[in-house]
Amino acid sequence: MSYAMEYDIRRSITKPLVIILLVGLILAGIGVAYLEGQVSLSQITKYSVVLSYNVTSNQTEILGLALNPQGNPIKDAKIFINNGWVETNSSGYFLLAIPSGKSYSIMSPTTLQISGINYTASVSSIGVVNVNLKNKSAVLYVGSYLIKNNFNNITSYKVYYSQESLENLMRGILPKNYTYIGNIYGFSTAKFSIPINLSEPDIIVLLQSINISSNKVPEFNFTYSTVLPQLEVSNIRDTAVSTASYIFAEFFPLVGLFLTNEFIASLRSNGAIEFIASRPITKKQLIISRYIGGLFALIMGSLITSILMPITVSYILNTSTSLATIGKMFGMLLVDTIGFYSLLYLVAVLVRKNFIAISIVLYLILYLFNIMNIVAIIADMPKLMYGTPYGLYEIVMGGFNFGFSFAINYILVTIIGIIWIALPIILAIIIYDKNDSP
Amino acid sequence: MIEVKNVSKKYKDFKALDNISFNVNNGEVVGFVGINGAGKTTTIKISAGVLKPTTGSVEIDGFDISKNKVEASKRIGWVPESPVFEENFKAIDYFKYLAGYYKIGGKEAEELGIKLFEETGIINAKNKKLKEFSQGMKKRFALAVSMIANPSNYLFDEVLNGLDPQGIVFFREFANRAKKENKAVLFSSHILSEVQNIADRVIIIHKGKILAIKNMDEVVKESKKAIRIAINNPDVNILNILSKFGEVNKINDDVFEIKGEVSSEYINELLVKAGYKVSKIEQVGGLEEYFLNLIGEKVE
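Residues numbered from 1 in each chain as written. Chains lettered and ligands numbered in written order. Predicted model: local features only at pLDDT ≥ 70, side-chain atom pairs only at ≥ 80, totals over all residues. Heavy atoms only, no water.

Colleague: What should I look at first to understand the overall build of chain A in this one?
Modeller: Across its full length, chain A carries 12 helices and 16 strands. Every one of the 438 residues in chain A was classed for burial, and the buried ones make up 51%. Taking the intrachain contacts of chain A between residues at least 6 apart in sequence as the baseline, contacts between residues at least 24 apart amount to 71%. Accessible area of chain A: about 19,200 Å², with a carbon and sulfur share of 61%. (Helix = DSSP H or I, 4+ residues; strand = E, 2+ residues; numbered from the N terminus. Buried < 20%, exposed > 50% of the residue type's maximum accessible area, 1.4 Å probe, protein only. Contact = heavy atoms within 4.5 Å. Areas by Shrake-Rupley, 256 points an atom, 1.4 Å probe, with all protein chains shown as cover.)

What follows is the structure in structure tokens.
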């Protein structure tokens, strides 16, 4: 049997369609990732405009401070804000006054012009500049938010700081622990030195009001978040790799469909399996041998992709990749592709006709439309997203959450992944062995 | 040796085989005959380990084909009625692939393939894809594959169908050689004259039941012989003349059959003297007669 299995393995990985699909999906993934990466990189902002607010009954004053990446104020810079251009003074500040009742618009990022050259700048009440990756330090600017009216008189805040992963940011998960870094007083911009954690690019700043009004209005808290541009590059790499791999993860299972049809389903349909079954082999050995033959192509495809895709995407985006990214992608691609492949073997032993039609319907349900995501949203049960191999892939590799706030349960991912891979093929072997004919 | 023991096979409510038993001994060629749907192919597929019997068992050289499939399958070669393969393979590649199941690989498999392709007369097509093979070539390929392990038992299902005269001669010689090599051969066929020529024994199956297991000598002896005569210028008196020799059956306007032991030379001489133009005169009977009588009785 070993020679025959070797032959099955060899032909599964040398099938032209398998090779074409593998190469095509890798190239398509890399191409899309490259485009996404270029667009994202071009949007990275290293200039900052830090805003402070002074809200009174009559007007809202906005004090802006323009900073370059080194943390120096930029004088005579033009900034497009509130649908118009403002110009900074010699200290890098500008002031806007908006009468009460009149709306205003602050867009981020915006255009910052220095000596006629346009740059992109983030606009927020916080700004992180002078990032030193070697010393793991940065300078944080924080703008105040004063409120003076009949009910409140907020003039100072305690400033807290924390760092989080982008994954948690995307999932809406706020930090549990903050570090107090100082106070901010009056209508001003405060400056703090902070340590930075290179693996968690999301900086979160919490302002907690010190003055509380006598009318017992609840304490004012403001939370601001910004992504460290220098660390965002590595995130863009991961995002681009994820994008690249989605294309692969969504379409490579079709190789499993092709192999299952070639190796078992079509042979059961046209009767060619009988001639093979009359060899010195049991039905159990026959189905396992054929399954392993195709399995090898899927493992090789997943492995090649997991290595080639992150390395290539990182290379063309001029970043780096990690063994963890490669390992995670490989593991999840195995679940994604083999889960479906095992299910198709179960289908192939249950039906003798219409295998392709049934498999395509399953593919549409489980992959192209991933119906469990829709069910999870309708039933408001986020755990249902773990229900399909592709769903697991989306959750782990892309941080998909569809608005649900939850952290990835890796134990659940592992258990469901193993079930998807093992259960259908075990059932297929048992049922096939009990069948009267091969 | 092939031993079929009390085998029954049911497909839902349909009983395809009903408790059949027979042996094919070493050094014996056994013909397996019956009308379409009688159960021949089902019996052969069960014996080849392709189908599971509902009850009963088949032993190949003492190994149960259901319980000890690997050992039993090594000892039997099967040529199906209409072989179906993975047809995108080249013949030699598919042979090598199937040889892998016998733990024969690489160069050894290739050399064996060439040898058996030469024996079965398909060496010139070894690099052709199986989908380009005719039905006869497919049977020869299936035979080559069935010979991989040089088994001591063979099952041939309607092996003569789709074969040209050369193919039929080849099979006849193959069966004779297998017999001399003390192998057991069970073959089914609709061409009863060939079965009579090739087989030592015949098993007649009808509606899933064995009707008869006979030595070919006995069949010939027991079958009612007849003479078939074709006359170019028959007239109203011909039936009266022929009926003097035995019971006459009018096959069509100018062909008549006289049952019984009759001398064809004598009848021919008489008819010619009487002015009839005899275009053909032949002895009929044997297995065909025996089979039709047996089946006819059952149909009645």
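Colleague: Help me understand the domain arrangement of chain A, please; the structure alone is not making it clear to me.
Modeller: Taken domain by domain, chain A holds domain 1 (2–40 + 252–434) and domain 2 (46–228). The straight-line distance from the C-alpha centre of domain 1 of chain A to that of domain 2 of chain A is 47 Å. (Domains from an automatic or database assignment.)

Colleague: For this particular structure, what's the right way to read the packing of helix α4 (residues 106–120) of chain B against helix α5 (residues 135–146) of chain B?
Modeller: When two helices pack together, their arrangement is captured by the angle between the axes and the distance separating the axes. Residue and element names in this part refer to chain B. Axis separation between α4 and α5 bottoms out at 9 Å; the angle between their running directions is 135°. The angle between the axes of α4 and α5 places the two elements in the oblique class. Where α4 crosses over α5, the two elements pack in a sense that is right-handed. Facing α4, whose interface residues are Leu-116, Phe-117 and Thr-120, α5 presents Arg-140, Phe-141, Leu-143 and Ala-144. Of the residues that constitute the contact of α4 with α5, the class distribution is 5 nonpolar, 1 polar and 1 charged. (Axes fitted to C-alpha atoms, helices over the stretch in contact; angles between N-to-C directions. Parallel < 35°, antiparallel > 145°, perpendicular 65-115°, else oblique. Left-handed = near helix turned anticlockwise from the far one by under 90°. Nonpolar A, V, L, I, M, F, W, Y, C, P; charged D, E, K, R; others polar.)

Colleague: Sorry, what's going on with the domain arrangement of chain B here?
Modeller: Accessible area lost when the parts come together is the quantity often used to give the size of an interface. Segmentation of chain B into domains returns domain 1 (2–221) and domain 2 (225–284). Just the C-alpha atoms count here: the centres of domain 1 of chain B and domain 2 of chain B sit 41 Å apart.

Colleague: Hey, could you run me through the interface of chain B and chain A in this one?
Modeller: Each partner contributes to the interface: chain B provides 29 residues, whereas chain A provides 31 residues. Across the contact surface, chain B and chain A share 4 salt bridges. For the salt bridge of A:Arg11 with B:Glu86, the shortest nitrogen-to-oxygen distance reads 3.0 Å. For the pair chain B and chain A, the number of links is 12 residue pairs in polar contact (both at pLDDT 80 or more). Looking at the side of chain B that touches chain A, the elements with two or more residues in it are α2 (69–74), α3 (91–99) and α5 of chain B. (Salt bridge = Lys/Arg side-chain N within 4 Å of Asp/Glu carboxyl O. Polar contact = N/O pair within 3.5 Å; in protein donor to acceptor, adjacent residues only side chain to side chain.)

Colleague: For this particular structure, what's the right way to read the packing of α3(B) against α4(B)?
Modeller: Residues and elements named next belong to chain B. Here α3 crosses α4 at 120°, and the two axes come no closer than 9 Å. For the element pair α3 / α4, the angle class is oblique. Taken as a pair, α3 and α4 cross one another with a handedness that is right-handed. Touching Ala-91, Ile-92, Phe-95, Lys-96 and Ala-99 of α3 are Ala-109, Glu-110, Leu-112, Gly-113, Ile-114, Leu-116 and Phe-117, all from α4. For the contact of α3 with α4, the per-class residue count stands at 9 nonpolar, 1 polar and 2 charged.

Colleague: Even after reading the chapter, I still don't get helix α6 (residues 165–180) of chain B, so can you show me in this structure?
Modeller: Along an α-helix, residues three or four positions apart point the same way, because every turn accommodates 3.6 residues. All names here are of chain B. With 16 residues, α6 ought to run about 22 Å at 1.5 Å a step, and its terminal C-alpha atoms sit 23 Å apart, in line with that. Of all the positions in α6, only Gly-167, Ile-168, Phe-170, Phe-171, Phe-174, Ala-175 and Ala-178 are classed as buried. Buried residues along α6 cover an arc of 160° about the axis, so they all sit on one side. Residues Pro-165, Gln-166 and Lys-180 are exposed on α6 and point more than 90 degrees away from its buried face. Buried-residue contacts for α6 involve β3 (28–33), α4, α5, β7 (153–156), β8 (184–188) and α7 (192–198). Where α6 terminates, the next one or two residues include Asn-182, which has phi positive at roughly 65°. (Expected span 1.5 Å × (residues − 1). Arc of directions from axis to C-beta.)

Colleague: Before we go on, may I ask you to explain empty space enclosed by the protein in this structure?
Modeller: Any space left empty among the atoms is revealed by the rolling of a water-sized probe across them. Residues and elements named next belong to chain B. Using the criterion set out here, one finds 2 cavities of 30 Å³ or more in the structure. Of the volumes computed, that of the largest cavity is approximately 80 Å³. Lining the largest cavity are Val-79, Gly-136, Lys-139, Arg-140, Leu-143, Phe-156, Val-159, Leu-163, Phe-170 and Phe-171. Elements represented by at least two residues in the lining of the largest cavity include exactly α5 and α6. With 4 residues, the single largest contributor to the lining of the largest cavity is α5. Along the lines of polarity and charge, the residues of the lining of the largest cavity split into 7 nonpolar, 1 polar and 2 charged. (1 Å grid on protein atoms, 1.4 Å probe; cavity = no way out; pocket = protein on both sides within 12 Å on 5 of 7 lines; lining within 4 Å. Points joined across faces, edges and corners; volume = space filled by probe spheres on them.)

Colleague: Please clarify how the sheet that holds strand β14 (residues 278–284) of chain B should be interpreted in this entry.
Modeller: The pairing of strands in a sheet comes from backbone hydrogen bonds and takes either a parallel or an antiparallel form. Residue and element names in this part refer to chain B. One open sheet holds the 4 strands; their spatial order is β12-β13-β11-β14, and the pairing between them is antiparallel. Edge positions in the open sheet fall to β12 (248–252) and β14, since each of these has one partner strand only. Between one strand and the next, the sheet's axes are offset by a mean angle of 20°, whatever the strand orientation. Bridge analysis of strand β11 (residues 226–231) against strand β13 (residues 255–259) gives 5 bridges, and the strand direction is antiparallel. The partner of Ile-227 across the bridge, within β13, is Ile-258. Set on the sheet, helix α10 (residues 264–273) makes contact with β11, β13 and β14; between it and β14 the angle comes to about 160°. (Pairing = 2+ DSSP bridges.)

Colleague: How should a nonpolar patch on the surface be read in this particular structure?
Modeller: Residue and element names in this part refer to chain A. A cluster of nonpolar side chains, namely Phe-251, Ile-356, Ile-360, Val-361, Leu-364, Ile-365, Leu-368, Phe-369, Ile-371, Ile-374, Val-375 and Ile-378, defines an oily patch on the protein surface of about 980 Å² accessible area. Mapped onto the nonpolar patch, the elements with two or more residues apiece are α9 (355–368) and α10 (371–379). Tallying contributions element by element places α9 first for the nonpolar patch, with 6 residues. You can see Leu-368 is positioned in helix α9. What makes Leu-368 partly exposed here is its relative accessible area of 35%. (Patch = residues over 30% accessible without salt bridge, like charges linked within 9 Å, V, L, I, M, F, W, Y side chains within 5 Å.)

Colleague: I keep staring at the pairing of strand β9 (residues 201–206) of chain B and nothing clicks. Help me out?
Modeller: Along any regular strand the residues' side chains alternate between the sheet's two faces. All names here are of chain B. Taking burial as the measure, the 6 residues of β9 include 6 buried ones, the bulk of the element. Neither face of β9 is open: one carries Arg-201, Ile-203 and Ile-205, the other Val-202, Ile-204 and His-206, and all of them are buried. For β3 and β9, the ladder comprises 4 bridges, and the chain directions are parallel. Across the sheet, the residue bridging to Val-30 is Arg-201, located in β9. Relative to strand β10 (residues 209–215), β9 runs antiparallel, the two being bridged by 6 bridges. Pairing of Val-202 across the sheet is with Lys-214, part of β10.

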